[in-house]
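Observations on the three-dimensional arrangement
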Amino acid sequence: MKAARGTQRLALGVLLAALATLCSAAEIPLSERRSGYADLGRETKAMQDDDTANPGMLSVLEGEELWKTKSGTEVKACADCHGDARASMKGVAARYPAFDASRGRPVNLEQRINICQAERQQAKPSAYESKELLALTAFVAMQSRGEPIAPPDDARLTPFREAGRQLFFRRQGQLNLGCNQCHDDNWSKRLAGNLIPQAHPTGYPIYRLEWQSIGSLQRRLRNCMTGLRAQPYEFGAPENVDMELYLMWRARGLPVETPAVRP
Amino acid sequence: MSLATVQPLATHAEDALHPYQVVGDAIPASLTGKPGDPARGRAIVANRQNTCLLCHSGPFPEERHQGNLSPSLQGAGARWTAAELRLRMVDASRLNPATIMPSYYQVEGLTRVAGAWRGKPILSAEQIEDVVSYLSTLRD
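What you see is a predicted model; the values in this text were computed from it and never measured. (Residues numbered from 1 in each chain as written. Chains lettered and ligands numbered in written order. Predicted model: local features only at pLDDT ≥ 70, side-chain atom pairs only at ≥ 80, totals over all residues. Heavy atoms only, no water.)

Glancing now at the overall build of chain B. Of the regular secondary structure elements, chain B holds five helices and two strands. Shown N-terminal to C-terminal, the secondary structure of chain B runs as helices and strands in the order β-β-α-α-α-α-α. By residue count, 46% of the 140 residues in chain B fall in the buried class. Of the contacts made within chain B by residues no fewer than 6 positions apart, 49% connect residues no fewer than 24 positions apart. Summed over all atoms, the accessible surface of chain B reaches about 6,900 Å², with 55% contributed by carbon and sulfur. (Helix = DSSP H or I, 4+ residues; strand = E, 2+ residues; numbered from the N terminus. Buried < 20%, exposed > 50% of the residue type's maximum accessible area, 1.4 Å probe, protein only. Contact = heavy atoms within 4.5 Å. Areas by Shrake-Rupley, 256 points an atom, 1.4 Å probe, with all protein chains shown as cover.)

Residues and elements named next belong to chain A. Here helix 3 (residues 56-68) crosses helix 7 (residues 131-142) at 95 degrees, and the two axes come no closer than 7 Å. The orientation of helix 3 with respect to helix 7, classified from their angle, is roughly perpendicular. Across from Met57, Ser59, Val60, Glu62, Gly63, Glu64, Leu66 and Trp67 in helix 3, the residues of helix 7 making contact are Lys131, Glu132, Leu134, Ala135, Leu136, Ala138, Phe139, Val140 and Met142. Of the residues belonging to the contact of helix 3 with helix 7, the class tally is 11 nonpolar, two polar and four charged. (Axes fitted to C-alpha atoms, helices over the stretch in contact; angles between N-to-C directions. Parallel < 35°, antiparallel > 145°, perpendicular 65-115°, else oblique. Nonpolar A, V, L, I, M, F, W, Y, C, P; charged D, E, K, R; others polar.)

The subject of this paragraph is the sheet that holds strand 7 (residues 261-262) of chain A. All names here are of chain A. The sheet built from three strands is open, its strands ordered 6-5-7 with mixed pairing. At either end of the open sheet lies a strand with only one pairing partner, and these are strand 6 (213-215) and strand 7. The sheet contact formed by strand 5 (residues 206-208) and strand 7 spans two bridges and is parallel. By the bridge assignment, Tyr207 is partnered in strand 7 with Val261. (Pairing = 2+ DSSP bridges.)

Attention shifts here to the environment of Leu87(B). Residues and elements named next belong to chain B. Mapped onto the elements, Leu87 comes out in helix 4 (residues 82-91). Look at Leu87 and you get buried, because its relative accessible area is 0%. Spatially, the C-alpha atom of Leu87 lies 9.6 Å from that of Val132, the residues being 45 residues apart in sequence. Once you skip the residues sitting within four places of it in the chain, Leu87 turns out to touch Val22, Gly24, Asp25, Ala26, Ile27, Ala92, Arg94 and Leu95.

Residues and elements named next belong to chain A. Domain assignment breaks chain A into domain 1 (32-51 + 151-262) and domain 2 (57-142). Spacing between the C-alpha centres of domain 1 and domain 2 amounts to 22 Å. Each side of the interface is counted separately: domain 1 has 25 residues, and domain 2 has 25 residues. Between domain 1 and domain 2 lies a buried interface of about 2,000 Å² when both sides are counted; carbon and sulfur atoms form 70% of it. (Domains from an automatic or database assignment. Buried area = accessible area lost by both parts, 1.4 Å probe.)

Turning next to the pattern of salt bridges. Think of it this way: side chains of opposite charge can pair up when their charged atoms draw near. Following the criterion strictly, the structure yields 23 salt bridges over all chains and no others. Among the salt bridges present, the one from Arg88(B) reaches Asp25(B), with a minimum N-O distance of 3.2 Å. Remark: Asp25(B) occurs in the loop between strand 2 (20-23) and helix 1 (38-46) and Arg88(B) occurs in helix 4; sequence separation between them is 63 residues. Take Arg88(B): its relative accessible area is 14%, and that puts it in the buried class. In the salt-bridge network here, residues are joined through shared partners; they are Asp100(A), Arg103(A), Arg112(A) and Glu119(A). (Salt bridge = Lys/Arg side-chain N within 4 Å of Asp/Glu carboxyl O.)

For the rest of this paragraph, the subject is the state of the cysteines. The full count for this structure, using the stated rule, is zero disulfides over all chains. Here Cys182(A) is not cross-linked by a disulfide; its sulfur's nearest cysteine counterpart is in Cys55(B), at 7.0 Å. Since its relative accessible area comes to 18%, Cys182(A) is described here as buried. For Cys52(B), which is in no disulfide, the shortest distance to another cysteine sulfur is to Cys55(B) and amounts to 9.0 Å. Overall, Cys52(B) belongs to the buried group, its relative accessible area being 9%. (Disulfide = S-S within 2.5 Å.)

Formed by 49 residues in total, the largest nonpolar core has its most connected members in Val45(B), Met89(B), Tyr105(B), Ile128(B) and Leu135(B). Looking at this core, the elements with two or more residues in it are helix 8 (158-169), helix 10 (217-227) and helix 11 (238-250) of chain A together with strand 2, helix 1, helix 2 (52-55), helix 4 and helix 5 (125-136) of chain B. No other element matches the six residues that helix 5 of chain B contributes to this core. What Val45(B) contacts, discounting residues up to four positions off in sequence, is Cys52(B), Leu53(B), Phe60(B), Leu73(B), Val131(B) and Tyr134(B). Val92(A), Ala98(A), Leu134(A) and Ala141(A) belong to the second-largest nonpolar core, a separate cluster that totals 23 residues. (Core = buried A, V, L, I, M, F, W, Y, C linked by side-chain atoms within 4.5 Å.)

Glancing now at the interface of chain A and chain B. If you look at the interface, chain A gives 34 residues, while chain B gives 38 residues. Per-residue buried area on chain A facing chain B is highest for Gln174(A), Ala192(A) and Arg229(A); these three make up 24% of the total on that side. Run the count over chain A and chain B and you get 10 residue pairs in polar contact (both at pLDDT 80 or more). With 11 residues, helix 1 (residues 2-25) of chain A is the largest single contributor of residues to the side of chain A that touches chain B. Each residue belonging to the side of chain A that touches chain B can be placed in one class, and the counts come to 14 nonpolar, 12 polar and eight charged. (Polar contact = N/O pair within 3.5 Å; in protein donor to acceptor, adjacent residues only side chain to side chain.)

What follows deals with the packing of aromatic side chains. Applying the stated rule across the entire model yields eight aromatic pairs over all chains. Aromatic side chains Tyr128(A) and Phe235(A) sit 6.4 Å apart centroid to centroid with 20 degrees between the ring planes, which places their arrangement in the stacked category. With a gap of 107 residues between them, Tyr128(A) in the loop between helix 6 (109-120) and helix 7 and Phe235(A) in the loop between helix 10 and helix 11 connect regions that are remote in the sequence. Tyr128(A) gets classed as partly exposed once you look at its relative accessible area, which sits at 31%. Overall, Phe235(A) belongs to the partly exposed group, its relative accessible area being 23%. When the ring centre of Tyr233(A) is taken as reference, the NZ or CZ atom of Arg112(B) above it lies at 3.7 Å. (Phe/Tyr/Trp six-rings, centres within 6.5 Å; stacked < 30°, edge-to-face > 60°. Lys NZ or Arg CZ within 6 Å of the ring centre and 35° of its normal.)

Pasting the structure below:
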């Protein structure tokens, strides 16, 4: 009978829903976490692996120049305070975002660089996604290449990381999907032509072939939100930094790859 | 038998969703009062803008990129009646609250919808009817 069949299906639907909720509450076990690098085609992997072929290296080299360039009313270069980045910046990107006591909240690497520009160099801070800021960030982050992502054990970060986690699991946009529904529950499947990665922020700033340029993690987050037909958060917005914090914690232990290449 | 009439709200009168009645796991009546057009429905499903092929695959030899997050649309018309397909298009989450399949004819209960899409369903009533009539033709 039609109605009975409908009721049975509804009951089955409710059961399946309960199961799905149980499954989707599960985060990817640490032992199964893997960088988006693992999903790249052979040619893209080769491009990332070879510094002479990696288009992100142009930005790193530009960052190295900026590191040594005196600027601002203090006429100081980053190097005047921090010396050789190879030593002083090693491991820094692996533990960002970090808590900034004067602001009372976490700041990401771009924001940290901007704070140095504004407060130490008395220079004009760089705009988000500007060539200069991406270059300095890529140069600093590359000093951590190969280092395992190691979020600081700092209790002050906990509420912000938890806020990021909430955002990751929140359904949003006209398509009403949560980040977890693709990146925890369906990674390695195909969304039309694209393989869904686990969404680990291992290689930022990345050179993305689709962008034809280097770009920040927040640019990537904004892309995914736009895909869901959700209103993306502004660059530097607390929500984006909280999300970065959660994603870094989620990727703990994976090696930093900056500058990575992604399709 | 569950019987519920849904009277969706919309911000502008001209965007108001057509009311519909859910009976069991189906919406028996056309949202527009008219049958849809299967040829137009096929074009809607095949058009990447409408998102179906992000998740589904189906009999679209001309489309190189199709998703594999969900069942193939092949045979959907044999598995479900038009009335059942209509509810699955309008609001699949009524049958499975955890589904990733978006509700194509719903404007409420959403979070942070971007300006261009706010207050509008993903597909119009006419488009839903076209898609339902196309899916009904997928019999094997």
